[in-house]
Amino acid sequence: MDKNLKALQPAAVWHYFSEIAAIPRPSHHEERIRNYIVNFAAQHNLEHCVDSANNVYIRKPATPGMENRKGIVLQAHLDMVPQKNNDKVFDFENDSIEAYVDGEWVTANGTTLGADNGIGAAAILAVLADETAPHGEIEALFTATEETGMDGAFGLKGGLLKGDILLNLDSETEGELYVGCAGGLDLNAVFDYKAEAAPASGYEAVTFTVKGLKGGHSGIQIGSQRGNANRLLFRFLNAVGQEWLLASVDGGGLRNAIPREAVATLLVKDAAAFAAEAAEYERTITAEFAGIEDSISVTVAPADSMPAEVIPADTAKRITKAVIGVADGVARMSVAMEGLVQTSTNLARVVSDGSTVRMQCLLRSSMNSEKQALAESMSAVFELAGAEVELSGAYDGWNPDMASPVLYAMRESYKALFGKDPAVTAIHAGLECGIIGGTYPNLDMISFGPTICYPHSPDEKVEIASVGKFYSFLLDTLKNAPRK
């Protein structure tokens, strides 16, 4: 396993990414990476500050002869998504990511890599440290807690940024320029219950698990039609041919990740018969997801102990109906841009705690009215099933500006460098551009980056060659920035 990332090219980017990967930085635990960035700015004698939202701001003056170019804000986020395989022992708050070279890619050992958005942050540091690259005035903005609510972008105050152009370095396909993104909305549904004593006899306790799904980013991968472990678990419970009682459930993980695994502790009359039905169900959904999911696993095993309490049967049935009845996945495709998901939702989390079952969904759409209509529809399903529903965290999308001066400059630059036109597109995810643009409406914005596959999952990897192209393109963009 080759862990020497600093031997890769471009050396400066991989040097800083290697250092960033060594710093624990899950969302809401960004103190160490923030201190690292601040210390970097101090060591390079660059003007810097940390704002009230815990964003780090750095300013670098224009190089001689470039003072007449429009100012550019380079933007990336500090945090990463903490996801690991079940058999991986890892503490995201204290352990360093075990990044290594795997052929033409860099990946991590059993965890997310954090190339989202560590590569973008590393590229910014490389630019700030470079004393030879020509550029106009540069501002660097490292935002806080993007992955769990875009807190830093929401907390950014007007008056801090002086630049004319914002380059967001948080996209994940090299050769694509993103000029628009989806807005988002959180939907949380809560089923309250009073636990009942488990029957003293007549039942066997089993652990029912659905796992092996690919998961991934709930915006970028939602159009791939991957399985949702929460839906698949409750779909079986709704259809199984024998009585069951639900003691607990724990499905999915982060609000912006498609659920890869879900597990329930159940009491059943006949564990062997239940397991036989589960095996047949595994064959059914494996056939349904052929070509999409290749490692679906549905298992039934004896529980470690007999649960003392269960969720009331009526409540469990209503929860089951709500999970399989509520919208999940792609709701509508874009008419304006072929292949782009316009509206979607992800049932990210279903978890019990002894007195409630909580469900968390993240809705996305580039059309605010459609996002709101979907929220109303889903709320109706949950409320009819007896849940209390809360909508929160709404943010708008980013509307494309095809007449953008920096878009024109970047298209010309890319073609000159690589002999072909870049793709110009939008993304079905909540880039911070939409929020920052609300505070700074005159910013000319583009998002781009290297090729990162399977972000938000332990399969995350970044293509080495694409990092080189991305960084060359970034430097050329700075060199050829539009004049004031």
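Scroll up for the structure.
The structure presented is a predicted model; accordingly, all values stated were derived computationally and were not measured.

Colleague: Looking at this structure, how should I read the packing of helix α5 (residues 229-239) against helix α7 (residues 313-325)?
Modeller: Each pair of packed helices can be summarised by the angle the axes make with each other and by the distance between the axes. Remark: α5 packs on α7, axes separated minimally by 9 Å, with the N-to-C direction vectors making an angle of 130°. As judged from the angle between their axes, α5 and α7 are oblique. Regarding α5 and α7, the two cross each other, and that crossing is left-handed. Here α5 contributes N230, R231, F234, R235, L237 and N238 to the contact with α7, which in turn contributes I319, T320, K321, V323, I324 and G325. Grouping the constituent residues of the contact of α5 with α7 by class yields 5 nonpolar, 4 polar and 3 charged.

Colleague: In this structure, what is going on with the side chain of K60? I would like to understand it.
Modeller: With respect to the secondary-structure elements, K60 resides in strand β2 (residues 56-60). E131 provides the closest opposite charge to the buried, salt-bridge-free K60, at an N-O distance of 4.7 Å. At 3.2 Å, the side chain of K60 and the backbone oxygen of L128 are in polar contact. Not counting residues within four places of it along the chain, the set of residues in contact with K60 comprises L46, V127, L128, D130, H135, E137 and I138.

Colleague: Would you explain the pairing of strand β5 (residues 105-108) in this entry?
Modeller: Where a strand is regular, its side chains alternate between the two sheet faces. Side chains W105 and T107 of β5 all project onto a buried face; the interleaved residues V106 and A108 project onto the opposite face, where all are buried too. Bridge count between strand β4 (residues 99-102) and β5: 4 bridges; the pairing is antiparallel. By the bridge assignment, D102 is partnered in β5 with W105. Linking β4 to β5, which pair antiparallel, is a turn of 2 residues; within it G103 sits at a positive phi near 65°. Sheet analysis places β5 next to strand β23 (residues 461-463), joined by 3 bridges and oriented antiparallel. Within β23, the position partnered with T107 by the bridge is K461.

Colleague: Looking at this structure, how should I read the pattern of salt bridges?
Modeller: Oppositely charged side chains may form a pair once their charged atoms are brought near each other. Overall, the coordinates contain 11 salt bridges when judged by the stated rule. The salt bridge partner of E19 is K6, with a shortest N-O separation of 3.9 Å. A residue pair is termed long-range when its members are at least 10 positions apart, and E19 in helix α1 (residues 11-21) and K6 in the segment before α1 qualify at 13 residues. By relative accessible area, which is 26% here, E19 ends up partly exposed. Accessibility expressed as a relative area gives 39% for K6, which makes it partly exposed. One salt bridge in this structure joins R283 and E280, with 2.6 Å as the shortest N-O distance. Here R283 and its partner E280 are both found in helix α6 (residues 271-288), 3 residues apart, which amounts to about one turn of the helix. Since its relative accessible area comes to 43%, E280 is described here as partly exposed. In the salt-bridge network here, residues are joined through shared partners; they are E47, R59 and E137.

Basis of the calculations
Residues numbered from 1 in each chain as written. Predicted model: local features only at pLDDT ≥ 70, side-chain atom pairs only at ≥ 80, totals over all residues. Heavy atoms only, no water. Axes fitted to C-alpha atoms, helices over the stretch in contact; angles between N-to-C directions. Helix = DSSP H or I, 4+ residues; strand = E, 2+ residues; numbered from the N terminus. Parallel < 35°, antiparallel > 145°, perpendicular 65-115°, else oblique. Left-handed = near helix turned anticlockwise from the far one by under 90°. Contact = heavy atoms within 4.5 Å. Nonpolar A, V, L, I, M, F, W, Y, C, P; charged D, E, K, R; others polar. Buried < 20%, exposed > 50% of the residue type's maximum accessible area, 1.4 Å probe, protein only. Lys, Arg positive; Asp, Glu negative; His and termini not counted. Salt bridge = Lys/Arg side-chain N within 4 Å of Asp/Glu carboxyl O. Polar contact = N/O pair within 3.5 Å; in protein donor to acceptor, adjacent residues only side chain to side chain. Pairing = 2+ DSSP bridges.

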